[in-house]
Amino acid sequence: MAALISRKTLVSVHLYLASFFAPIIIIMAISGGLYLFGVKGNTTYTDVGQVTGVTLSAKSPTLTADVQAVLKSAGIETSFEYVKDKGRSFYTRPTSREHYLLQQQGNNIVIQRGEPDLQAGLMELHKGHGPSLFKWLEKLFAIALVLIMASGLYLGLQSPMLKNKTLVLSGAGLALFIVLGLL
């Protein structure tokens, strides 16, 4: 790597990526940490309509259009990117913001509007249930996070004063990951 890029350039790239993605790292760490501590947020569902004589099928090649037609017949004008099915329940996505849950009950469909609070909305983003453009940002974020960490390790290993500390700390982190997560 040293032959391909100078240390000064590597430090700059490391700092630029870390600075740009720091807000996302902090928000994801806080929302994920809160989730693990039991603060999962809430999505409030409100009944907003019912359509009779209609059946939705998760296997339909036109499921998104079918759901849009059901919503329209109930007087609901909304836009969504796709539909996620869970048995006889159909969720419009993204679910990180207002969305709709359609539940098949016999030949009827009960429609509920879902409104996530801030924590629930952040967790939906965290899980990749956000808008398509945000998913692209998350993919870039994943690549950048690997580059940030790899460049930080490389810089630590190249520094005579930090090399041993970097080896010990990264080795301890790897060992803890293996012991607690894989065994």
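Residues numbered from 1 in each chain as written. Predicted model: local features only at pLDDT ≥ 70, side-chain atom pairs only at ≥ 80, totals over all residues. Heavy atoms only, no water.

A. Structural context of the overall build of the protein. Counting its secondary structure elements, the protein contains 5 helices and 5 strands. Each helix and strand of the protein, ordered N terminal to C terminal, gives the series α-β-α-β-β-β-β-α-α-α. What you see for the protein is a C-alpha radius of gyration of 23 Å, clearly larger than the 16 Å of a compact globule of 183 residues, by over 25%. Across the 183 residues that make up the protein, the buried fraction comes to 30%. (Helix = DSSP H or I, 4+ residues; strand = E, 2+ residues; numbered from the N terminus. Rg over C-alpha atoms; globule rule 2.2 N^0.38 Å. Buried < 20%, exposed > 50% of the residue type's maximum accessible area, 1.4 Å probe, protein only.)

B. Layout of the pattern of salt bridges. What the rule picks out here adds up to 2 salt bridges. Arg113 is the partner of Glu98 in a salt bridge, and the nearest nitrogen-oxygen pair spans 3.8 Å. Of the two residues, Glu98 is situated in the loop between strand E3 (89-93) and strand E4 (99-105) and Arg113 in strand E5 (residues 108-116); the sequence distance between them amounts to 15 residues. Accessibility expressed as a relative area gives 43% for Glu98, which makes it partly exposed. (Salt bridge = Lys/Arg side-chain N within 4 Å of Asp/Glu carboxyl O.)

C. Main features of the side chain of Ser151. By the secondary structure assignment, Ser151 is in helix H4 (residues 132-158). You can call Ser151 buried: its relative accessible area is 7%. At a separation of 3.1 Å, a polar atom in the side chain of Ser151 contacts the main-chain carbonyl oxygen of Ile148. Discounting residues that sit within four places of it in the chain, Ser151 has contacts with Leu10 and His14. (Polar contact = N/O pair within 3.5 Å; in protein donor to acceptor, adjacent residues only side chain to side chain. Contact = heavy atoms within 4.5 Å.)

D. The arrangement of the pairing of E4 in detail. A large share of E4 lies buried, amounting to 5 of its 7 residues. In terms of strand pairing, E3 meets E4 through 3 bridges, oriented antiparallel. Along E4, the bridge assignment pairs Tyr91 with Leu101. Between E3 and E4, which pair antiparallel and follow one another directly, the connecting turn spans 5 residues. For E4 and E5, the ladder comprises 7 bridges, and the chain directions are antiparallel. Note on E5: the bridge partner recorded for His99 is Gly114. Hairpin connection from E4 to E5: 2 residues lie between these consecutive antiparallel strands, with Gly106 at a positive phi of about 65°. (Pairing = 2+ DSSP bridges.)

E. Region of interest: the sheet that holds strand E1 (residues 43-52). Within the open sheet, the 5 strands sit side by side as E1-E5-E4-E3-E2. Their pairing is antiparallel. Looking along the sheet, the strands with just one partner apiece sit at the ends: E1 and strand E2 (82-86). Sheet twist, expressed as the average angle between the axes of neighbouring strands with direction ignored, equals 25°. In terms of strand pairing, E1 meets E5 through 9 bridges, oriented antiparallel. Bridging from a neighbouring strand, Gly49 pairs with Ile111 of E5. (Axes fitted to C-alpha atoms, helices over the stretch in contact; angles between N-to-C directions.)

F. Fine view of the nonpolar core. Of all hydrophobic cores here, the largest spans 14 residues; its most connected members are Leu56, Val67, Val70, Leu71, Leu102 and Ile111. Where this core is concerned, the elements lending two or more residues are helix H2 (63-73), E4 and E5. If one sorts the elements of this core by residue count, H2 sits on top with 4 residues. Excluding residues that lie within four positions of it along the chain, Val70 makes contacts with Val51, Val54, Leu56, Leu102, Ile109 and Ile111. (Core = buried A, V, L, I, M, F, W, Y, C linked by side-chain atoms within 4.5 Å.)

Function cannot be read off these values alone, since they describe shape.
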